[in-house]
Structure formats: structure tokens, C-alpha cells
Amino acid sequence: MEQLHGIVLAGGQSRRMKEPKELLLLHNEPVLLLICRQLLAVCERVTVVTADPSPYSFLPSMVRFAKDIYQNCGPVGGIHAGMEKSNYPLQFVIACDYPFVRTKTIMKMVQCLEQDPSRDGVVPIANEKLHPLYALYRRRTQASFEQIVKSGRRRMMDVIEELNIKTFTQNDPYEFLNMNTPVEYARAQHAINMNLID
Ligand SMILES: Nc1nc2c(ncn2[C@@H]2O[C@H](COP(=O)(O)OP(=O)(O)OP(=O)(O)O)[C@@H](O)[C@H]2O)c(=O)[nH]1
């Protein structure tokens, strides 16, 4: 398997949640720790992209940090900065609000991309939605992320449209649960309490 770098995006404003999403507790642990643990199981390196790593002293020491090179450019800028930290050919990107990321799915994406050298990345479709912030990209795509930022655009879909992406459908009601609001956080807590998570 080609070397894999894990990038966790934690540089957002959490305006809808009204508190930092990555520090919300699930299983009595910060979501950022749960995510990093999953990534460390399959990635040779893990980088958290954030303006301020000081609240994250609970993370294992092998987790690295990066700051945005282009500020206020949203996740597109965050991914660009994360990729700058590693030349590994495969870069798995995850937003800090996907608490139920699974190593099995990451490995499935890696296999899927390795079978198809012409593709730039693999983006899952779950619950009829594309999830470009729970996705795998080749390192060579960094130039596209930079180009979008430099052209003043910020949407992940602007990058996706430029790339030769492979999609795959994954229908799990919770794995792609994205916690942007207190209601979605409550849904994640409920899923844990009801033992609905594998
Ligand atoms: N490094 C970095 N990450 C970002 C930036 N903006 C958003 N993110 C991350 O990208 C992911 C998706 O962010 P969003 O949910 O769209 O935005 P958010 O700022 O976290 O939340 P809202 O303020 O509620 O929109 C999250 O993991 C954020 O932490 C940024 O400018 N830099």
C-alpha cells in the first residue's frame, strides 16, 4: 500500500454549533481524539490543521499540527496546508465533525484509488450526498486546491469539479453523520446511547 497521510481539519469557526466541534465529548472523550485515533491506526502520519493547537494537549504526541498558509479560505485552504506537511502519495482528509469515521472505509477508499491510477481521489456518496471532507485525494491534487484558493473561490465543489474523482456509495446511517448543529450532536449522542454504532 502507498503511504498514507491523514489530515484532520479543525480550523473552522463552529458558528452553527456555537462551541468548538472538535472538543465536543462522545464516549467521554473529545471528538478530535476519537478521530485521530482512527486515523493513527491506518495512516503513517496524522496532521491536524488549526490556527491554535493549544487546546489539544490530549492528543498523542505523534500527531502533528499545521496552520493554514492561506487564511480564511475554509476547508480548501486547510487541505492545502495539510498536504504541505507530507509528500506521501495518498492524503486522507476528514473534517473534525465526522465522529464516526471508520478505518475500514478508509482502507476501502485506498484500495479503490490504487486500482485506478488515473483518478485524483475517491469521494463517498452517503445518504445521497457527496462527502468531500471525508475523502481520499492524491498528493498531486495540492496544486488544484491552491489554484482554487488563489482564484478567490472557496467551495469544495469548485475543487471537486476540477479533479478526476471516483465516487462510491456507502449507505450507513451514522458513519457519515456530520455534526454541525446541537441537534446533530444530540443525534450522535443518541446513537451511542442506543448502541447504534458498530
Ligand atoms: N484549517 C481550516 N479548517 C477549516 C476552515 N474552515 C473550516 N474548516 C474545517 O472544515 C470543516 C468543515 O467546516 P464547516 O462545517 O463548513 O465550517 P465551520 O467553520 O466548522 O462551521 P460553521 O461556522 O458552523 O460553518 C471543519 O472540520 C472545520 O474545522 C479554515 O479556514 N481552515
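Residues numbered from 1 in each chain as written. Predicted model: local features only at pLDDT ≥ 70, side-chain atom pairs only at ≥ 80, totals over all residues. Heavy atoms only, no water.

Positive phi values are uncommon outside glycine, yet S14 reaches one of about 50°. With respect to the helices, strands and loops of the structure, S14 is situated in the loop between strand 1 (4-9) and strand 2 (25-26). On the basis of relative accessible area, S14 is assigned to the buried category, the value being 12%. The residue H27 is not glycine, and still its phi comes out positive at about 50°. In this fold, H27 is placed in the loop between strand 2 and strand 3 (29-30). Residue H27 is classed as exposed on the basis of its relative accessible area, which comes to 51%. (Helix = DSSP H or I, 4+ residues; strand = E, 2+ residues; numbered from the N terminus. Buried < 20%, exposed > 50% of the residue type's maximum accessible area, 1.4 Å probe, protein only.)

This paragraph deals with the site of the ligand. Taken together, the neighbourhood of the ligand is formed by 19 residues, with L9, Q13, R15, R16 and D68 sitting nearest. Measuring from an oxygen atom of the ligand, one finds a backbone N or O atom of L9 at 2.7 Å. Interatomic distance of 3.1 Å between a side-chain N/O atom of N180 and an oxygen atom of the ligand. If the ligand stood free it would expose 610 Å²; the protein chains cover 87% of that surface. According to the grid-proximity analysis, the pocket containing the ligand is the largest pocket. Per element, the largest residue contribution to the shell around the ligand is three residues, and it comes from helix 2 (residues 74-84). Among the residues forming the shell around the ligand, the class breakdown is seven nonpolar, seven polar and five charged. (Near = heavy atom within 4 Å. Polar contact = N/O pair within 3.5 Å; in protein donor to acceptor, adjacent residues only side chain to side chain. Areas by Shrake-Rupley, 256 points an atom, 1.4 Å probe, with all protein chains shown as cover. 1 Å grid on protein atoms, 1.4 Å probe; cavity = no way out; pocket = protein on both sides within 12 Å on 5 of 7 lines; lining within 4 Å. Sits in = over half its atoms within 2 Å of the grid points. Nonpolar A, V, L, I, M, F, W, Y, C, P; charged D, E, K, R; others polar.)

As annotated by UniProt and renumbered to match this structure, "binding site: GTP" (unreviewed entry) occupies L9, A10, G11, K21, D68 and D97. Within the annotated group, the residues that form the lining of the largest pocket are L9, A10, G11, K21, D68 and D97. Relative to the helices and strands, G11 resides in the loop between strand 1 and strand 2. Setting aside residues no more than four positions away along its own chain, G11 makes contact with V49 and T50. Assignment of secondary structure puts K21 in the loop between strand 1 and strand 2. Setting aside anything within four residues of it in sequence, one finds K21 in contact with S14, V31, C96, D97, M179 and N180. (UniProt positions renumbered as here; feature names shortened; annotations may be inferred. Contact = heavy atoms within 4.5 Å.)

By volume, the largest pocket amounts to about 980 Å³. Along the wall of the largest pocket there are 36 residues; nearest its centre are G12, Q13, K21, G74 and P75. If you list the elements that add at least two residues to the lining of the largest pocket, you get helix 2, strand 8 (129-130) and helix 5 (156-162). The biggest single contributor to the lining of the largest pocket is helix 2, with three residues. (Points joined across faces, edges and corners; volume = space filled by probe spheres on them.)

Before going further, it helps to spend a moment on the pattern of salt bridges. Summed over all chains, the structure comprises nine salt bridges. Between E29 and R37 there is a salt bridge; the shortest N-O distance is 2.8 Å. Residue classification places E29 among the partly exposed residues on the basis of a relative accessible area of 23%. R155 serves as the salt-bridge partner of D158, at 2.7 Å between the closest nitrogen and oxygen. What makes D158 buried here is its relative accessible area of 9%. The class for R155 is partly exposed, based on a relative accessible area of 48%. Salt bridges here are not isolated pairs; linked through shared partners, they connect R102, D172 and E175. (Salt bridge = Lys/Arg side-chain N within 4 Å of Asp/Glu carboxyl O.)

With respect to burial, strand 7 (residues 121-126) is a largely interior element, five of its six residues being buried. In terms of strand pairing, strand 7 meets strand 9 (residues 134-138) through two bridges, oriented antiparallel. In the strand pairing of strand 9, G121 is matched with Y137. Two elements, strand 7 and strand 10 (residues 165-169), share five bridges in a ladder whose sense is parallel. Across the sheet, V123 pairs through a bridge with T167, a residue of strand 10. Counted along the chain from strand 7 to the antiparallel partner strand 8, the turn is two residues long, and its residue N127 has a positive phi close to 50°. (Pairing = 2+ DSSP bridges.)

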